[in-house]
Amino acid sequence: MVKQKDIEYMRRAIELAEQGAGFVNPNPMVGAVIVKGGRVIGEGWHERYGEWHAERNALKNCTEDARGATMYVTLEPCCHYGKTPPCTEAIIEHGIERVFVGMPDPNPLVAGKGLSLLREAGIEVVCGVEEEAIREQNKIFLKYIATRRPWVILKTAMTLDGKIATWSGDSRWITGTEARAYVHELRHRLMAVMIGIGTAVADDPLLNCRIEGRGVRQPIRVIVDSNARLGLDSQIVKTAGKYHTIVAHTRFAAEERLEALKQAGVETLLCEEKEGLVDVDNLLFLLGQMGVDSILLEGGGGLNYSFLAGGFTDEVYSFIAPKIVGGEKAKTPVEGVGIEKMADAVTLERTDVLCLGQDILVKLKVKN
């Protein structure tokens, strides 16, 4: 039977897991709490990809012998040798008597086997505590482990009248400092940030993550550039030796352009083409095979439309600034051919609304 205190300990484990955001991809965020005699004697979380998992960190941090204690862990303990030894072994060796698990691990290498091993060792196991919250926390991992395709968040920043730039192309700055800081947090949490060549040429962005006062993980920068037109004097190319940068191109890209990019430190990725452009479906497949579990799409209207029309977007984060610029030729967040009938529009479900300074962020999930 799950008591209120058990739920509270699991919620604490969820809080701990969140500290691994951005550092553990493509692994899940996991937290663990060890309780003995009604006292928390150890806490831990999965801190970085390839390093100790939450259970072993919590055991390592115990202030006293864990024998006879209860462990609360957000995800089923692993039972296989990977970059680290199995957590089930450590739990058994330390004499843990009960384990409350947030949710089973869908990884085929685990998938219930970790729970079975603990039960076979005589440990009482309760699974399914705060599972809905943990699934939401690890939605990126859950999609990636099942499909090997990245979770995609389409980010837009627009004026109240739906413009992402003025008629002259000026777009700095639509939103304020708080909203832009939030975007840098997203770049830290997601493995890659993606734009199209049009945005690269118009804005000459750096696309890195800039958060003062703490460590961050720099995202992989992906430029969708069918003909490899990215300028060698652009900020992206000039910093390719510092930040992992990928130019996704088609067979139509000139070999000399590709070679010049490679010499500058850019990784080139040959994609299938669709109507002369990079096939987004194939690009996502290739990135998934490379271990990229998530993408922040900061593209222009054309690339955004390709993702939405193809059904490749999981969420939309729309930043709205209290400004009006007008202009029938001013660019909008989604362009392309567009939808003919309103009944066929891409439909979204609002999940949250945040106030960031004077700006508003609306978070939405794409309905399937």
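In this text, all values refer to a predicted model and were calculated from it rather than measured experimentally.

### As for the sheet that holds strand 13 (residues 294-297)
Point 1. Taken in spatial order, the nine strands of this open sheet run 10-9-8-7-13-6-14-16-15, and their pairing is mixed. If you trace the sheet from one side to the other, it starts and ends with strand 10 (267-270) and strand 15 (348-356), each paired once. Between one strand and the next, the sheet's axes are offset by a mean angle of 25°, whatever the strand orientation.
Point 2. Across the sheet, helix 11 (residues 280-289) is in contact with strand 6 (151-159), strand 7 (192-196), strand 8 (220-224), strand 9 (245-249), strand 10 and strand 13; its angle to strand 10 comes to roughly 125°.

### Describing the environment of Ile-220
Point 1. With respect to the secondary-structure elements, Ile-220 resides in strand 8.
Point 2. Residue Ile-220 is classed as buried on the basis of its relative accessible area, which comes to 14%.
Point 3. Considering only alpha carbons, one finds Ile-220 and Thr-245, 25 residues apart in sequence, at a separation of 5.8 Å.
Point 4. Beyond its immediate stretch of four places on either side in the chain, Ile-220 contacts Met-191, Ala-192, Val-193, His-244, Ile-246 and Val-292.

### Thoughts on unusual backbone geometry
Point 1. Following Asn-25, the chain continues to Pro-26 via a peptide bond in cis, the omega torsion being 5°.
Point 2. With omega at -10°, the peptide bond leading from Arg-172 into Trp-173 counts as cis.
Point 3. Its location among the elements puts Trp-173 in the loop between strand 6 and helix 7 (177-189).
Point 4. Although it is not a glycine, Ala-228 adopts a positive phi angle of roughly 55°.
Point 5. Secondary-structure assignment places Ala-228 in the loop between strand 8 and helix 9 (235-238).
Point 6. Of note, Glu-275 is a non-glycine position whose phi angle comes to about 55°, a positive value.
Point 7. Mapped onto the secondary structure, Glu-275 falls in the loop between strand 11 (273-274) and strand 12 (277-278).

### Let's talk about the side chain of Asp-225
Point 1. On the secondary structure map, Asp-225 appears in the loop between strand 8 and helix 9.
Point 2. With no salt bridge to any partner, buried Asp-225 finds its closest opposite charge in Arg-229, at an N-O distance of 4.7 Å.
Point 3. A polar contact is formed between the side chain of Asp-225 and the backbone nitrogen of Arg-229, at a distance of 2.7 Å.
Point 4. Other than its neighbours up to four places away in sequence, Asp-225 contacts Ile-197, Leu-230, Val-247, Ala-248 and His-249.

### Some details on helix 11
Point 1. By the burial criterion, the buried members of helix 11 are Val-280, Asn-282, Leu-283, Leu-284, Leu-287 and Gly-288.
Point 2. By the N-cap criterion, in which a side-chain oxygen at the helix start approaches the backbone nitrogen of a residue two or three places on, helix 11 is capped by Asp-279, the distance to Asp-281 being 3.1 Å.
Point 3. Among the residues trailing helix 11, Gly-291 stands out with phi positive, at a value near 95°.

About the cut-offs
- Counting of residues starts from 1 at the beginning of each chain's written sequence and follows it residue by residue.
- Only residues with pLDDT of at least 70 are given local features in this predicted model, and only at 80 or more are side-chain atom pairs given and counted; all residues enter the totals for whole chains, interfaces and linings.
- Remark: hydrogens and water are excluded; side-chain values derive from all non-hydrogen atoms of the structure.
- Note on pairing: DSSP must find at least two bridges between two strands before they are called paired.
- Segments assigned H or I by DSSP are reported as helices when at least four residues long, segments assigned E as strands when at least two residues long, and all are numbered from the N terminus.
- Comment: axis = line fitted to C-alpha atoms, over the contacting stretch for helices; angle = value between 0 and 180 degrees taken between N-to-C directions.
- When checking whether two residues touch, look at their non-hydrogen atoms; a contact exists if any pair is within 4.5 Å.
- Relative accessible area decides the class of each residue, using a 1.4 Å probe on protein chains only: under 20% of the type maximum gives buried, over 50% gives exposed, and in between gives partly exposed.
- The charge count includes Lys and Arg as positive and Asp and Glu as negative, but it does not include His or the ends of the chains.
- When a carboxyl oxygen of Asp or Glu lies within 4 Å of a side-chain nitrogen of Lys or Arg, that pair is called a salt bridge.
- Under this definition, polar contacts are N or O atom pairs within 3.5 Å; protein pairs additionally need one hydrogen-donor-capable and one acceptor-capable atom, and for neighbouring residues in sequence, both atoms have to be side-chain atoms.

By themselves, these are just geometric observations and shouldn't be taken as functional.
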